[in-house]
Structure formats: structure tokens, C-alpha cells
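# Residue-level structure breakdown
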Amino acid sequence: MAFQFNFSIEEKAGNELETLGDTALQLESAQASLNPGGSTEKSKEISSEENVVHKESLCAHEATPKTSDPVANCSPVQVLPKKRASFKVAKEHNIPEDFSKVLENKVMEAVQGLYYVNISVVEMTLSNDSHEEDIVSKSISSHSDLITGIYEGGLKIWECTFDLMDYLSEAEMQFINKTVLDLGCGAGLLGILALKRKAKKVHFQDYNHTVIDEITLPNVVANCTDGGGDGGISEPPSKKHKKADFIPALMSKCRFFSGEWAEFSQLLLSGNKPFSKYDLILTSETIYNPDYYSALHDTISKLLDKNGRVYLASKAHYFGVGGGVHIFEKFIEERNVFRTRTVKVIDEGLTRYIIEMAFKISS
Ligand SMILES: C[S@@+](CC[C@H](N)C(=O)[O-])C[C@H]1O[C@@H](n2cnc3c(N)ncnc32)[C@H](O)[C@@H]1O
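Residues numbered from 1 in each chain as written. Predicted model: local features only at pLDDT ≥ 70, side-chain atom pairs only at ≥ 80, totals over all residues. Heavy atoms only, no water.

## Some words on the site of the ligand
For the ligand, the set of nearby residues contains 20 residues, the closest of which are T161, G184, D206, Y207 and S284. Separating an oxygen atom of the ligand from a side-chain N or O atom of S284 is a distance of 2.7 Å. Bound to the protein, the ligand loses 99% of the 580 Å² it would expose on its own. Looking at the shell around the ligand, the elements with two or more residues in it are β5 (157-158) and β7 (201-206). (Near = heavy atom within 4 Å. Polar contact = N/O pair within 3.5 Å; in protein donor to acceptor, adjacent residues only side chain to side chain. Areas by Shrake-Rupley, 256 points an atom, 1.4 Å probe, with all protein chains shown as cover. Helix = DSSP H or I, 4+ residues; strand = E, 2+ residues; numbered from the N terminus.)

## Topic: the confidence of the model for the protein
Detailed reading of the predicted coordinates is not advisable wherever pLDDT falls low. Residues of the protein with pLDDT of at least 70 account for 70%, and the chain-wide mean is 77. Below a pLDDT of 50 lies the segment residues 1-84, which in the model reaches 193 contacts outside its immediate sequence neighbourhood of four places, other chains included. Residue range residues 228-233 is modelled with pLDDT below 50. Its contacts to residues more than four positions away, or to other chains, number 18 contacts. (pLDDT = per-residue confidence, 0-100. Contact = heavy atoms within 4.5 Å.)

## So, the environment of M108
You can see M108 is positioned in strand β3 (residues 108-111). Put simply, M108 and V121 are 13 residues apart on the chain and 9.6 Å apart in space, counted from C-alpha to C-alpha.

## Brief notes about the packing of helix α6 (residues 189-196) against helix α7 (residues 209-223)
Their axes nearest at 10 Å, the elements α6 and α7 cross at an angle of 25°. By the criterion of interaxial angle, the relationship of α6 to α7 is roughly parallel. Seen from above, α6 lies across α7 with right-handed handedness. From α6, I192, L195 and K196 reach across to α7, where they touch N219, V220 and N223. Split by residue class, the contact of α6 with α7 holds three nonpolar, two polar and one charged. (Axes fitted to C-alpha atoms, helices over the stretch in contact; angles between N-to-C directions. Parallel < 35°, antiparallel > 145°, perpendicular 65-115°, else oblique. Left-handed = near helix turned anticlockwise from the far one by under 90°. Nonpolar A, V, L, I, M, F, W, Y, C, P; charged D, E, K, R; others polar.)

## Remarks on the pattern of salt bridges
This structure, assessed with the given rule, holds 16 salt bridges. Between K273 and E92 there is a salt bridge whose closest N-O contact spans 3.5 Å. Separated by 181 residues along the polypeptide, K273 in the loop between α9 (261-270) and β9 (278-284) and E92 in strand β2 (residues 91-93) bring together distant segments of the chain. R309 is the partner of E356 in a salt bridge, and the nearest nitrogen-oxygen pair spans 3.9 Å. (Salt bridge = Lys/Arg side-chain N within 4 Å of Asp/Glu carboxyl O.)

## A closer look at the pairing of strand β11 (residues 338-346)
The pairing of β11 with strand β12 (residues 352-359) spans eight bridges and is antiparallel. Looking across to β12, one finds that K344 is bridged to I354. If you look at the hairpin formed by β11 and β12, you'll find five residues sitting between the two strands, and G349 has a positive phi there, around 60°. (Pairing = 2+ DSSP bridges.)

Pasting the structure below:
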């Protein structure tokens, strides 16, 4: 299936957004409020009305209606945190015993040799049922692809994902025996690509557990069939897939996590499962909000192997939100932990970049 990218953003004059106060988005560990009954799903959600700036006030152009295009072509939407936000604690998602269940009610599509679930169908299914996170209804009612602390955009596939997939192919990136993290994975196509190219382990992280359960996991399952080890399509996924149709070794290489970044790194580092640092961290469209840079930076520095590399894909600037490549690089420079290098520039409409990051001091 071919996707159309009609991406064009005009600089928005008179951005009405308030500047975010330093304390407004301070990450607040929710560990203290963990449910003793065992559920780790907690977040003091801020009302959507208070936290969303409507999309039309931030995106100069939206290529296609929200409901019909799984690929998000517009910068995420800024949030006005009038209240202090607290963020979701991290949890690991179990891989279901019966893979066929994961693909139930899903319609699959394919792009660049990988399967992914049709997001409109998932949204429709989710909006008909009641779900704890309720991110689809919240996203629809607020006309927003992003509600800070509530929904961070993972239901859609953002265009820089494809930039990074292209770059990884062009650069003939080697995944064999590498441990890989798809950070802020959404659909998880980057991690799936690494898996198909024989990575040793692939971990997927998204802010929202609904995204992991309804999008990421089904996408991984759909791509864990025999053949197509180089990222090519193997056989069409079917709801009839049973365990035997899958390569158990492929699925067992994967782990899935939801939750806020600082919470996620804490879970990995203090959890009871052994954890070895990542050789590669792949991340697309995750630097739109400067208020998250500190958590993002610290998470990467805690989880990346000392000789590891991060490949980060981003638009030059996220109008209305304030983040983007240059401000992020400046932040990184000030922290003085990583060096960055631009490895690819995609100069179509709003410029997009692929940035490589590595520790300044490695082995
Ligand atoms: C715009 S979406 C991009 C999704 C996907 N990488 C893509 O390119 O299609 C940003 C992703 O970053 C993650 N994210 C953003 N802020 C986060 C935070 N503070 N903590 C954890 N995850 C966050 C969310 O999981 C979300 O899916």
C-alpha cells in the first residue's frame, strides 16, 4: 500500500501557546501510588479540555482527515498543562499464549514489506468498547493527536518512521546479535524491521498501554511469520494463526512496555529480569515536546550501551509544540553526555532529519 505524504507546514504567526513553566510538567513518580492489588496502571489524568490545544490552531495543513489516514502527517499538538501532570507508571505487557487472539478483529495492511493493523478499524473497535485509557474517544473529542500525560500519539504511524526505515536500509545497518529498543514505538515498525533483520532482542516501549496491546503487539505478531527475514513480506497474516505458524524464537526475542520514560528505565533497571543495555535505540518523532527532553535524555543515557548508537528521526521543528531537531541538539550539547551527528536530511516541505547519537566517552 502506498502512502501519500503531502506534508507542508507554514510558520504559524502569532503562536498563542503559553510558555510552559518549568514545574508544570515535572515528572512525578507514580510508584508511590502503585495499586497494592497489583495493577500498575495509574495516572492522575488532567482533563482533556485543560490540556489540549486544538489541532487546527497548530497544524497549518493536515493532509488527510484524521479518521482515514493511518499515517500522521501533522506535527503533534501542544498541550497547555494548567495543572501539574503526573505520568503513567511503566509496566511490562505479557505476550499472549494464543497469538490468534492478538489478531482478532484486526484488518492488516502492508507498507515497505511490513504488516501493520489498520488504525481506523482499531479506533472504531476501541471507541465502541469501554477502555480504561479511553485514548481514542479523548483524541477524537479533543480533535488532537496528542494530549500531554494522557495520549502521546502512538496510535498513528508518523512519517519520520519511514525516513528512519529508509535510512536503516540505505546505511545497511547491521542488526545481527544486536539488542534494540524501539523507543516511543507506536506501531513498532522500526523494532519489527530490526527483528526481521535478525536482532538478538527487540524491546518496544510506548507511553500508552492501549497502543502496545492494540497496535504494537498485533503488528509484531503479524510480522513474526516464517520467511521474509530481510524485512520482505512472507505470508499474509491470518486470524487463524496458531502458535505453530509463528517462529517462537522471534516472538521470544521481544518484550513490550508501556509507561513514561523515566518510569520505564526504572522498571528495566530495577526489575527482576536480567537487563543488558541496548546496542541500538531507534526512535521516531519523540522530540516534539521540550518538557520531555530531560526524561528522554536520562532514559537513553541509562539504557544505552557505552558503545551503543541512537538513531533518532524528527522534523526540524514542531510548530506550536516548540520541540525539534535544533533545540534538542542544543539540549544534548548542554548536557555534555552525548555527541550528535546528522546522518541524513530529508528536504521536502518541512525538513526532516536523521540524527545519530553516541556517548562522548565510549570504550
Ligand atoms: C508522535 S508519537 C510517534 C510514534 C512512532 N514512533 C512513530 O513515529 O510513528 C510519539 C511517541 O513517543 C512516546 N512518548 C512521547 N512522550 C513520552 C514520554 N514522556 N514518556 C514515554 N513515552 C513517550 C509515545 O509513546 C508516542 O507513541
